[in-house]
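An overview of the molecular structure
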Amino acid sequence: MAGASVLAAGASTLLSACGDGSSGSSATGTAAGAAPQPTPFRVATAPGDNYFIDAVNLDQQHYGKYNLEVPKFLHPSSGVQGMQLQTAGQIDGQMQDTLLTMTTFANSRPGDRPVIIGMRIPETTYSIVVNKGQWPSDSASFAEKMASLKGKTVGVTAIGAGADKQLRLALQQAGMSPGDITPLAVGQTTPAIAQMSAGKIDAYVGITFATARLMAAQTGGEVLVDFNTTGVPELLSKQQVDVLIAREDYAKSNADACKAWLAAQWEAKDWILANRDEAAELLNSDSFDGRGLDVSKQYIQHFAEDVVPKLQPQWKVTRDAIDLMIEVAVRTGAVQQGQISYETLVADFARA
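Residues numbered from 1 in each chain as written. Predicted model: local features only at pLDDT ≥ 70, side-chain atom pairs only at ≥ 80, totals over all residues. Heavy atoms only, no water.

Bringing the sheet that holds strand β2 (residues 43-44) into the picture now. The strand order across the open sheet formed by 5 strands is β4-β2-β5-β12-β6, and the pairing between neighbours is mixed. What marks the edges here is a single partner per strand, and that holds for β4 (73-74) and β6 (114-121). Note: β6 against strand β12 (residues 242-247), 6 bridges, orientation antiparallel. Each bridged residue has a counterpart across the sheet, and for Ile121 the counterpart in β12 is Asp242. (Pairing = 2+ DSSP bridges. Helix = DSSP H or I, 4+ residues; strand = E, 2+ residues; numbered from the N terminus.)

So, in structure tokens, the structure goes:
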């Protein structure tokens, strides 16, 4: 799953229960946008700031208001496994990495393919965190910051994973080659922190806003390059990295359920904006085992001030966003030119 943190205990179990099942699924939903009748809906998620809206939906018992029966979350162990479950019809909705969604769509059968029904993270959340040491200042150019990594060991979640592809793209955009650094697969945030603290890696490709800053705080390092900042090439800085997806046949036959899920998430977004301190506490306890309150507060502020203004109503998906991500997918070898398009990839009710 894109941007998944493993700091919360118990997140590795595929079908582990999340909450006590009291999502209000037995009530008749009357909220605007609710499904016309009670509808079972299986949601996959992970801990971490990119997935926080799912935690809010459960904590605030939103699902029943929208006639969705969601007794527990599914926790795939990786984005790839999440996609396998989605195409097999065992997940109804989840947030996923945009590039992985495109790759899976291009390599799956019509009907089984994942289609995009919303854009939940309309920005890039990737960054490069560096260990203690002498690094270029904040005012240095993107190229200068990337050049400082030459000869260094840079940790990624896995070779060939999204973080690895983003690193290679960043090197390319800085006029460097993959051979200028040594990539090392170190897994998610928790093992990466251990590797950096032990001096085994000089840098790490962070995959979410909060987890990157938590890593910097816990290792004494810093965020060297935030891809979502001025001065970073647009092929990196303008990416929209996490989409809401459903299986193609499900999106067609159960559009009302998909729309109800979107409406529930929109309410969770509004709750976060209206309850920022409580939201930070929930993010900290739900995703960071109580060890990341400061970064949780930073994220909630970032979400309110930077993410929300970029959202389209009810998570609508723009053509420009998908066209750019298709270009990134082609450049990174995730898909071939012409394999996917906005019309085929985005459900008709999700188009802006």
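Now that the structure is up, let's keep going.
Turning our eyes to something else, we now look at the sheet that holds strand β10 (residues 203-206). The strand order β9-β8-β10-β7-β11 describes an open sheet built from 5 strands, whose pairing is mixed. Edge positions in the sheet fall to β9 (182-185) and β11 (222-226), since each has one partner strand and no second. Direction aside, neighbouring strands of the sheet carry axes that sit 30 degrees apart on average. Two elements, strand β7 (residues 127-130) and β10, share 4 bridges in a ladder whose sense is antiparallel. Bridge pairing links Ser127 to Gly206 in β10. Along the sheet face, helix α6 (residues 189-197) touches β7 and β10 and points at about 165 degrees away from the line of β10. Against the sheet, helix α7 (residues 209-219) makes contact with β7, β10 and β11, and its axis sits at roughly 145 degrees relative to β11, the strand it touches most. (Axes fitted to C-alpha atoms, helices over the stretch in contact; angles between N-to-C directions. Contact = heavy atoms within 4.5 Å.)

Per-residue confidence for the protein chain gives a mean pLDDT of 91; residues scoring 70 or more make up 92%. Scored below 50 in pLDDT, residues 2-27 makes 71 contacts in the model with residues more than four places away or belonging to other chains. (pLDDT = per-residue confidence, 0-100.)

Turning our attention to helix α5 (residues 162-173). For α5, which comprises 12 residues, the first-to-last C-alpha distance of 16 Å matches the rise-based estimate of 16 Å (1.5 Å per residue) to within 8%. What α5 keeps buried is the set Ala163, Asp164, Gln166, Leu167, Leu169, Ala170 and Leu171. A positive phi of about 75 degrees marks Gly175, the residue just after α5. (Expected span 1.5 Å × (residues − 1). Buried < 20%, exposed > 50% of the residue type's maximum accessible area, 1.4 Å probe, protein only.)

Attention now moves to the nonpolar core. With 105 residues, the main nonpolar core has Met102, Ile117, Met146 and Ile322 as its most contacted residues. When residues in this core are grouped by element, the largest group, 12 residues, is from helix α10 (residues 255-274). If sequence neighbours within four positions are ignored, Met146 has contacts with Ile128, Ala170, Leu171, Ala174, Met176 and Val225. Ala192, Ile193, Ile201 and Ala212 belong to the second-largest nonpolar core, a separate cluster that totals 10 residues. (Core = buried A, V, L, I, M, F, W, Y, C linked by side-chain atoms within 4.5 Å.)

Along the polypeptide, Asp256 turns up in helix α10. Taking relative accessible area as the criterion, Asp256 reaches 44% and is therefore assigned partly exposed. When the C-alpha atoms of Asp256 and Ser197 are compared, they prove to be 48 Å apart, with 59 residues separating the residues in sequence. In this structure Asp256 touches Ala35 and Pro36, once residues within four positions along its chain are discounted.

Our focus in this paragraph is a negative patch on the surface. On the surface, a cluster of negative charge is made up of Asp59, Asp277, Glu278 and Glu281. Here the negative patch takes 3 residues from helix α11 (residues 276-287), the largest share from any one element. For Glu281, the position within the fold is in helix α11. (Patch = residues over 30% accessible without salt bridge, like charges linked within 9 Å, V, L, I, M, F, W, Y side chains within 5 Å. Areas by Shrake-Rupley, 256 points an atom, 1.4 Å probe, with all protein chains shown as cover. Salt bridge = Lys/Arg side-chain N within 4 Å of Asp/Glu carboxyl O. Lys, Arg positive; Asp, Glu negative; His and termini not counted. Charge placed at Lys NZ, Arg CZ, Asp CG, Glu CD.)

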